[in-house]
Amino acid sequence: CEGYMDVIWLDRLWFDNAVATCWTALTNQHILALKRITQNIVFAFDSDEAGKQASLRWLKIALQENVYPKIYQIQQWKDFDELANQWIQELKIKEESQDAVLFFIKDLLKDYSNLSAVEKQEKLEEVFDILRKIWNYSIFWDYLDKLGKFINQDPNILYQQLKSKKIYKKPQQTENKTHNVFLIPAL
């Protein structure tokens, strides 16, 4: 979770194994330390946009260390502090957590069919940035296959695009460096 208060409230809600990342403090070394203890890691950050961005950043770090976390989104509350203050006695983090990579694929590509071609490509590049962190080839292909089904695209085409590492950019206006005088050859 994000902060110390979240850890305290999770403990009050009978979750003894919570760790606060303190926002930007999570590093590869922290992921490796957690990996030695468990492979069952769940990111449970605040449900606001900042919490989503932090989850995405930490997901990329985890994938680089061959760790595939799940993500839990608090649905009706901003954070665990607010949740615990409502005196909820049972929290189904394990049951309601979902695959973090799939969560971000779906989140980044929501309303995909309504986007322009350029916007679609920009969103795909954000997803490709996540997928490029996955070291395990079979896991990578499983996610690529799911991405293909989600956007109705052949995974092999997506792979070729991802492999090329070319990021689509809008064409830049080039300055005309030729002289303003044009000569017309005489016949």
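One can find the structure itself at the top, above this paragraph.
Bear in mind the structure is a predicted one, so any value in this text is a computation, not a measurement.

Before we move on, could you go through the nonpolar core and cite the residues and values that matter?
Leu 131 and Leu 147 are the most contacted members of the largest nonpolar core, which totals 37 residues. Listing elements by their share of this core, those giving two or more residues are α3 (49-64), α6 (100-108), α7 (117-131), α8 (137-151) and α9 (155-164). In this structure Leu 147 touches Ile 105, Leu 109, Leu 124, Val 127, Phe 128, Leu 131 and Leu 158, once residues within four positions along its chain are discounted.

Now, about the layout of surface pockets: what can you tell me, with residues and values included?
If you roll a probe as big as a water molecule over the atoms, it shows you where there is empty space left. The computed volume of the largest pocket comes to approximately 780 Å³. Lining the largest pocket are 25 residues, and of these Asn 17, Ala 18, Val 19, Asn 40 and Val 42 sit closest to its centre. Breaking the lining of the largest pocket down by element, the ones donating at least two residues are α2 (28-37), β1 (42-43) and α5 (93-96). Among the elements that take part in the lining of the largest pocket, α2 stands out by supplying five residues, more than any other. Among the residues forming the lining of the largest pocket, the class breakdown is 18 nonpolar, five polar and two charged.

What counts, and at which threshold
- Residues numbered from 1 in each chain as written.
- Predicted model: local features only at pLDDT ≥ 70, side-chain atom pairs only at ≥ 80, totals over all residues.
- Heavy atoms only, no water.
- Core = buried A, V, L, I, M, F, W, Y, C linked by side-chain atoms within 4.5 Å.
- Buried < 20%, exposed > 50% of the residue type's maximum accessible area, 1.4 Å probe, protein only.
- Helix = DSSP H or I, 4+ residues; strand = E, 2+ residues; numbered from the N terminus.
- Contact = heavy atoms within 4.5 Å.
- 1 Å grid on protein atoms, 1.4 Å probe; cavity = no way out; pocket = protein on both sides within 12 Å on 5 of 7 lines; lining within 4 Å.
- Points joined across faces, edges and corners; volume = space filled by probe spheres on them.
- Nonpolar A, V, L, I, M, F, W, Y, C, P; charged D, E, K, R; others polar.

Fair warning: the whole summary comes from geometry, so function is off the table for now.
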